[in-house]
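Survey of secondary and tertiary structure
Listed below are the residues making up each chain.
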Amino acid sequence: MATSGAGGEGYSGLNGIVSETEHKIMTDLPAELLEYILCFPVLKHVDICNVSCSCKRLHDVCHGRGKVWGHQYKLRWPRLQKHYRQNECCDWLKEYRTRHTVGLQIRRTVVSISKRFFTEVVLGDSFAEIESLGAPEHFCEDELLSILNSDRRKSLTLKYYAKKILYFLRQQNILRSLKMFLEQPAEQQSALEGAVLVDQYCNPLADVSLDGISSQLEEITDKVKKMLRMKNSSHPSLRVTQGWSELERNTCWNLERQVVVALNAVLYEQLQYKGNECDYYNPLNSYIHQVLLRRTGIPISLSVLYMTLARKLGVQLEPVNFPNHFLLRWCQHQRGSGDIYDFVYIDAFGKGKQLTAKECEYLIGHQVTADYYSAISTTEVLLRMVGNLLNIGKRGEGNEKSYQLLRDSLDLYLTINPDNVQYLLLQARLYFHLGIWPEKVLDILQHIQALDPSQHGAVGYLVQHTLEHIQHKKHPVEPEVKRRSAPEHVEVQYSVGLIMKHKRSGYNCVIYGWDPKCTMSQEWITTMRVHQLSSGANQPFYNVLVQDGTCRYAAQENLEPHSAPLEIAHPEVGRYFSEFHDSHYVANEELQTRYPEDMAETLGTFCMSNNENAKKDT
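Let me begin by describing the structure that accompanies this report. Computed from a prediction, not measured in an experiment: that's the story for all the values here. (Residues numbered from 1 in each chain as written. Predicted model: local features only at pLDDT ≥ 70, side-chain atom pairs only at ≥ 80, totals over all residues. Heavy atoms only, no water.)

1. Considerations on the environment of Lys 353
With respect to the helices and strands, the residue Lys 353 is situated in strand β8 (residues 353–355). Owing to a relative accessible area of 53%, Lys 353 belongs among the exposed residues under this scheme. For Lys 353 and Asn 264, which are 89 residues apart along the polypeptide, the C-alpha to C-alpha distance reads 8.7 Å. For Lys 353, the residues in contact, after removing those within four places along its chain, are Tyr 345, Ile 346 and Asp 347. (Helix = DSSP H or I, 4+ residues; strand = E, 2+ residues; numbered from the N terminus. Buried < 20%, exposed > 50% of the residue type's maximum accessible area, 1.4 Å probe, protein only. Contact = heavy atoms within 4.5 Å.)

Below, the structure is given as structure tokens:
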């Protein structure tokens with residue numbers, strides 16, 4: 001039997017061959033295999049940093065443009081992948097550091113905004129600090145989305161302001177797109193694209209895109225073509241490339257009629273689109289993505305869809321700014337005719353009904369001049385559409401939702417028509433009423449004065465009071481602190497954060513403030529019949545956020561702790577509370593400053609309720 005040589009430098013294998021001992025270490029592995037190992041999902045960016053500092057070999061494998069940092073970047077921020085081309089060569093380590101730094105800056109900024117805006121009734125700041133970061137917009141948006149998509153019950157205040165900032169940033173992008181759209185030659189402007197921009201601006205947090213809307217319209221177009229094919233398989237609208245010839249377009253009115261008949265059949269009979277007569281003033285009727293989703297709208301939104309579909313199929317319809325009822329017109333004779341009787345008028349709200357010029361007057365109940373039958377530009381279509389939203393905002397109930405619609409529609413209208421004195425004055429008055437953007441109010445008033453000096457009376461009044469408001473903001477009043485232990489608060493039974501139920505109305509709510517006695521005006525007390533309560537106005541009243549999205553002021557005798565408390569789906573919850581904890585809300589730092597003793601009371605009520613339930617169970 002063979003034995004090892006002197007010094008033990010070898011060994012005898014089963015086949016009697018002596019081999020040298022080999023010492024292999026990790027860094028001897030090929031770079032591709034090391035990259036594969038370092039891309040394991042369990043490894044985080046801290047691990048990669050530590051590995052790259054261990055030796056030169058691993059430092060080289062983890063270089064900034066390599067696979068390892070690219071994997072780390074995409075693993076941590078998957079939403080950002082759409083901003084890079086496939087297999088793009090990029091300094092991933094630099095991108096990672098920038099995105100990480102932006103994330104920290106955004107979170108610090110959101111926290112600071114919470115402290116600054118807590119006392120504001122309506123948020124009106126331009127969030128200039130976000131813009132001044134100079135960070136890539138997609139990094140800012142991704143961090144805000146990360147905040148919004150975190151644990152549903154926690155970081156409520158952070159989410160509340162992150163949502164406000166995201167709303168603002170997206171609107172700024174959409175406004176820039178709208179301005180570029182308006183700079184295009186009139187013949188290149190699409191009414192659909194303009195309507196989508198209006199939709200996006202009023203719904204910046206919704207997933208609305210021109211590509212998405214166009215894709216849905218293509219599906220409807222395919223259905224119309226299918227129906228056309230059954231009636232006329234050689235119809236020019238069915239041609240893939242050539243389309244309509246000039247001869248067909250100028251002479252074959254019957255071919256266009258076949259398109260319109262098929263379009264009406266698909267849109268109104270097959271897909272059941274209709275005018276929303278029951279809820280005409282719902283703003284959703286003006287948003288293209290909602291019209292497609294709900295298959296209902298108002299004359300102008302349905303007309304934009306109808307006109308776009310018809311043009312896709314070769315029929316040139318024109319928009320008509322008819323009073324009280326938007327229409328489309330369809331030329332029956334030589335194109336370019338100015339005679340209103342050479343057109344058929346289509347009522348997209350009325351299931352595509354075709355009207356003569358005289359019948360259009362019957363539609364609205366009075367006569368109009370020939371000017372109202374003229375075709376209008378895409379810009380005028382957008383002004384009419386935004387004007388409808390403006391009127392809905394003015395009809396609102398004076399809550400934040402209606403104010404937001406009014407602000408959004410004014411922004412849009414004045415972007416399209418920046419010198420409209422009437423709406424500039426309305427915007428200045430709105431901002432003044434809400435107590436927001438006083439510096440911007442002064443700019444608007446200066447612009448109004450330059451456009452129309454006759455407005456000096458209204459302008460002078462607003463300038464004076466706006467300057468007073470600016471001075472007042474320089475010396476903010478310290479917030480009132482309410483301690484439960486104070487003798488005047490001895491009758492206050494409930495505390496902020498508790499989930500309550502209204503004994504009479506049955507609604508669920510959460511308390512976010514209280515007064516030892518009713519502080520509303522005598523007119524409100526009379527209107528709300530407070531005197532009919534057993535304790536009248538001389539009892540604690542509570543500010544509550546209600547499940548239906550309203551804010552109310554409720555008497556103590558009308559409230560009781562909820563027996564099975566659940567979260568309150570109110571948009572303002574995050575302004576006052578940082579998280580929902582089992583059966584109550586935890587007041588955020590700003591609210592606790594104003595009610596410093598309430599959270600201990602809320603926790604005590606919660607523990608007492610648990611003990612009572614435990615006794616019942618036993």
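2. Digging into the packing of helix α8 (residues 156–182) against helix α9 (residues 191–202)
In the contact formed by α8 and α9, the axes pass within 9 Å of each other and the chain directions differ by 160 degrees. On the basis of their axis angle, the class for α8 and α9 is roughly antiparallel. Of the two possible hands of crossing, α8 and α9 adopt the one that is left-handed. Residues Tyr 167, Gln 171, Ile 174, Leu 175, Ser 177, Leu 178 and Phe 181 of α8 lie in contact with α9, whose contacting residues are Glu 193, Gly 194, Leu 197, Gln 200, Tyr 201 and Cys 202. Counted by class, the contact of α8 with α9 contains 8 nonpolar, 4 polar and 1 charged residues. (Axes fitted to C-alpha atoms, helices over the stretch in contact; angles between N-to-C directions. Parallel < 35°, antiparallel > 145°, perpendicular 65-115°, else oblique. Left-handed = near helix turned anticlockwise from the far one by under 90°. Nonpolar A, V, L, I, M, F, W, Y, C, P; charged D, E, K, R; others polar.)

3. Looking at the side chain of Gln 72
Within the element layout of this structure, Gln 72 appears in helix α4 (residues 67–76). Here the side chain of Gln 72 touches His 45 through a polar contact of 3.1 Å, landing on its backbone nitrogen. (Polar contact = N/O pair within 3.5 Å; in protein donor to acceptor, adjacent residues only side chain to side chain.)

4. Quick word on the pattern of salt bridges
For the coordinates displayed, the defined rule picks out 17 salt bridges. Across the pair Arg 107 and Glu 143 runs a salt bridge whose closest N-O atoms are separated by 2.6 Å. A residue pair is termed long-range when its members are at least 10 positions apart, and Arg 107 in helix α5 (residues 92–117) and Glu 143 in helix α7 (residues 137–148) qualify at 36 residues. Residue Arg 107 is classed as partly exposed on the basis of its relative accessible area of 34%. Classification of Glu 143 as buried rests on a relative accessible area of 6%. Here Glu 137 makes a salt bridge to Arg 176, at a shortest N to O gap of 3.0 Å. (Salt bridge = Lys/Arg side-chain N within 4 Å of Asp/Glu carboxyl O.)

5. Concerning the packing of α7 against α8
Here α7 crosses α8 at 145 degrees, and the two axes come no closer than 9 Å. The handedness of the crossing between α7 and α8 comes out as left-handed. Contact with α7, carried on its side by Glu 137, Cys 140, Glu 141, Leu 144, Leu 145, Ile 147 and Leu 148, involves Leu 158, Lys 159, Ala 162, Lys 163, Ile 165, Leu 166, Leu 169, Arg 170, Asn 173 and Arg 176 of α8 and no other residues of that element.

6. Let's talk about the nonpolar core
Ranked by internal contacts, the top residues of the largest apolar core, which has 45 residues, are Ile 220, Tyr 273, Ile 288, Leu 292, Val 304, Tyr 306 and Leu 317. If you list the elements that add at least two residues to this core, you get α9, α10 (210–231), α12 (253–270), α13 (288–294), α14 (299–312), β6 (327–331), β7 (343–347) and α16 (378–394). The contact partners of Ile 220, leaving out residues within four places of it in the chain, are Val 266, Leu 267, Leu 271, Tyr 273, Leu 292 and Leu 309. Phe 181, Tyr 403, Leu 414 and Leu 430 belong to the second largest nonpolar core, which has 39 residues in total. (Core = buried A, V, L, I, M, F, W, Y, C linked by side-chain atoms within 4.5 Å.)

7. Concerning the side chain of Gln 427
Among the secondary structure elements, Gln 427 is positioned in helix α18 (residues 421–434). We classify Gln 427 as buried; its relative accessible area is 6%. Of note is the side chain of Gln 427, whose polar atom sits 3.2 Å from the side chain of Asp 411. Residues contacting Gln 427, with those up to four places away along its chain left out, are Leu 410, Asp 411, Leu 414 and Ile 444.

8. Focus: the sheet that holds β8
Strands belonging to one sheet form pairs held by backbone hydrogen bonds; the direction of such a pair is parallel or antiparallel. Taking strand neighbours across the sheet as the criterion, the 4 strands line up as β5-β6-β7-β8 in an open arrangement whose pairing is antiparallel. The sheet terminates laterally at β5 (318–320) and β8, the two strands that pair on one side only. Neighbour-to-neighbour, the strand axes of this sheet turn through a mean angle of 40 degrees, independent of strand direction. The sheet contact formed by β5 and β6 spans 3 bridges and is antiparallel. Paired with Glu 318 across the strands is Arg 329, a residue of β6. This element, α12, spans β6 and β8 of the sheet and lies at about 150 degrees to β6. (Pairing = 2+ DSSP bridges.)

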